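Architecture and fold: a report
Here is what each chain is made of, one letter per residue.
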Amino acid sequence: MIFYANIEFRKKIMEKVVENLNKYVKIFKNRNDYYKGKISLIGHSLGSLILFDLLSIYTNENNKSNFDFEVENFFAIGSPIAFFLTTRGTSLADSNLKLNCDFFYNIFHQLDPFAYRIEPMVSTETILEPVQLSKYNLENQNLLWRILNLTRSGENHHIRVTNNEYINESDSVFDYQQICTGSGKNLRLKRIDFAIEKSAFDHLDYLLFLTAHSSYWDSYDLVLFILKQLYYQVEMEENGGTTLK
């Protein structure tokens, strides 16, 4: 993170990330010419900040995408984005600043000392509690593995996703997703901050404050959430863009 704070190093790091992402997406598409789906990006910690900077555009300027592909979803996990934007004096309330993607999710463990919320930087009118991710249980376990077992033939397209974290029926909830260029594609997705629920005993183990930042990779709650978002959008397209309940 110290190197990334330096403008010269930041530029070189960003150039290398763009080069590699473009290269590997191209390789993937060449090897899987049947794939007609979209691309989503996941960044953890500093990686999320790098992706945020690469996706950031200003609508009052001539912008050229850094990537050779369109980004549908951007998942920031355990992210210090808000901290760095504050130190830079950058405001997400600036209507000219947009993320060049359809949807943005900021996912964090509530004991992670390096993860910060995004929504209060977009609007301070009403500070809402982050959306709690559903707990991974036996019912969700069956759904998780059914989604993971999807085949390219589409034989499992009858699977339906109940996605309570994803949509919001209330018109009174502020649309935080408006910072994304594609936010209008689902008017019911308004929230950005999603929290991995801590257990009743987490506060008793002080070591969790040290391990929470690396705990995302073995979180079934997180895996289920990401897959539900991806597959829910597939269902929307199959239904002609109609938002599902």
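Here we summarise the structure given alongside this text. (Residues numbered from 1 in each chain as written. Predicted model: local features only at pLDDT ≥ 70, side-chain atom pairs only at ≥ 80, totals over all residues. Heavy atoms only, no water.)

Time to look at the overall build of the chain. The number of helices and strands found in the chain is 8 helices and 7 strands. For the chain, the residues scored as buried account for 43% of the 245 residues in total. Once local pairs closer than 6 in sequence are excluded, the contacts in the chain between residues at least 24 apart make up 79%. In the form shown here, the chain has an accessible surface area of approximately 13,800 Å², with 54% of it arising from carbon and sulfur atoms. (Helix = DSSP H or I, 4+ residues; strand = E, 2+ residues; numbered from the N terminus. Buried < 20%, exposed > 50% of the residue type's maximum accessible area, 1.4 Å probe, protein only. Contact = heavy atoms within 4.5 Å. Areas by Shrake-Rupley, 256 points an atom, 1.4 Å probe, with all protein chains shown as cover.)

This next bit is on the side chain of aspartate 221. For aspartate 221, the location among the structural elements is in helix α8 (residues 220-238). Contacts of aspartate 221, omitting those with residues within four sequence positions, involve Leu133, Ser134, Lys135, Tyr136 and Ile196.

For the structure on display, the rule yields 7 salt bridges. Between arginine 88 and aspartate 53 there is a salt bridge, and its shortest N-O distance comes to 2.9 Å. Pair noted here: arginine 88 is in helix α4 (residues 81-88) and aspartate 53 is in helix α3 (residues 46-55), with a separation of 35 residues, a long-range link. With relative accessibility at 12%, the residue aspartate 53 sits in the buried group. Between glutamate 119 and arginine 191 there is a salt bridge, with the nearest N and O atoms lying 2.9 Å from each other. Note that glutamate 119 is positioned in helix α5 (residues 119-122) and arginine 191 in the loop between α6 (138-148) and β7 (193-196), a separation of 72 residues in sequence. For the pair glutamate 119 and arginine 191, a shared accessibility class is recorded, and that class is buried. Residues joined in a network through salt bridges with shared partners are Arg117, Glu119, Arg191 and Asp193. (Salt bridge = Lys/Arg side-chain N within 4 Å of Asp/Glu carboxyl O.)

It is worth spelling out the packing of aromatic side chains at this point. Counted according to the given criterion, the structure contains 12 aromatic pairs. Centroid distance phenylalanine 3 to phenylalanine 9: 5.0 Å. Interplanar angle 80°. Geometry classified as edge-to-face. Each ring, one from phenylalanine 75 and one from tyrosine 105, has its centre 4.7 Å from the other, and the planes form 10°; the classification is stacked. Taken as a pair, phenylalanine 75 in strand β3 (residues 71-77) and tyrosine 105 in strand β5 (residues 103-109) lie far apart in primary sequence, 30 residues in all. Using a relative accessible area of 1% as the deciding quantity, one classes phenylalanine 75 as buried. Owing to a relative accessible area of 0%, tyrosine 105 belongs among the buried residues under this scheme. Among the aromatic residues, those joined into a cluster by ring pairs are Phe75, Tyr105, Phe194 and Phe225. When the ring centre of tyrosine 4 is taken as origin, the NZ or CZ atom of arginine 10, which lies over that ring, is 5.6 Å away. (Phe/Tyr/Trp six-rings, centres within 6.5 Å; stacked < 30°, edge-to-face > 60°. Lys NZ or Arg CZ within 6 Å of the ring centre and 35° of its normal.)

The subject of this paragraph is α4. Structurally, the α-helix is built with 3.6 residues per turn, so residues lying three or four positions apart point the same way. Those residues of α4 that fall on the buried side of the exposure criterion are Ile81, Ala82, Phe84 and Leu85. Buried residues of α4 fall within an arc of 165° about the axis and therefore sit on the same side. Structural note: α4 exposes Thr86 and Thr87 on the side pointing more than 90 degrees away from its buried face. Turning to α4, the residues buried within the fold contact α3, β3, β5 and α5. Looking one or two residues beyond α4, the residue adopting positive phi is glycine 89, at roughly 75°. (Arc of directions from axis to C-beta.)

Glancing now at the sheet that holds β7. With parallel pairing, the 5 strands of this open sheet are ordered in space as β1-β3-β5-β7-β6. Strand pairing shows two members of the sheet lacking a second neighbour, β1 (39-44) and β6 (131-132), which therefore form its edges. Inspection of the sheet shows β3 paired to β5 by 5 bridges, in the parallel sense. Bridging from a neighbouring strand, asparagine 73 pairs with phenylalanine 103 of β5. (Pairing = 2+ DSSP bridges.)

With that settled, consider the environment of phenylalanine 114. The residue phenylalanine 114 is located in the loop between β5 and α5 in this model. For the pair phenylalanine 114 and isoleucine 81, spaced 33 residues apart in the sequence, the C-alpha separation amounts to 9.6 Å. Residues within four places of phenylalanine 114 in sequence aside, it is in contact with Gly78, Ser79, Pro80 and His213.

It is at 9 Å that the axes of α3 and α4 come closest, and there the two elements cross at 55°. Our classification of the angle between α3 and α4 gives oblique. Taken together, the residues of α4 that come into contact with α3 (itself represented by Ser48, Leu49, Phe52 and Asp53) are Ile81, Phe84, Leu85 and Arg88. (Axes fitted to C-alpha atoms, helices over the stretch in contact; angles between N-to-C directions. Parallel < 35°, antiparallel > 145°, perpendicular 65-115°, else oblique.)

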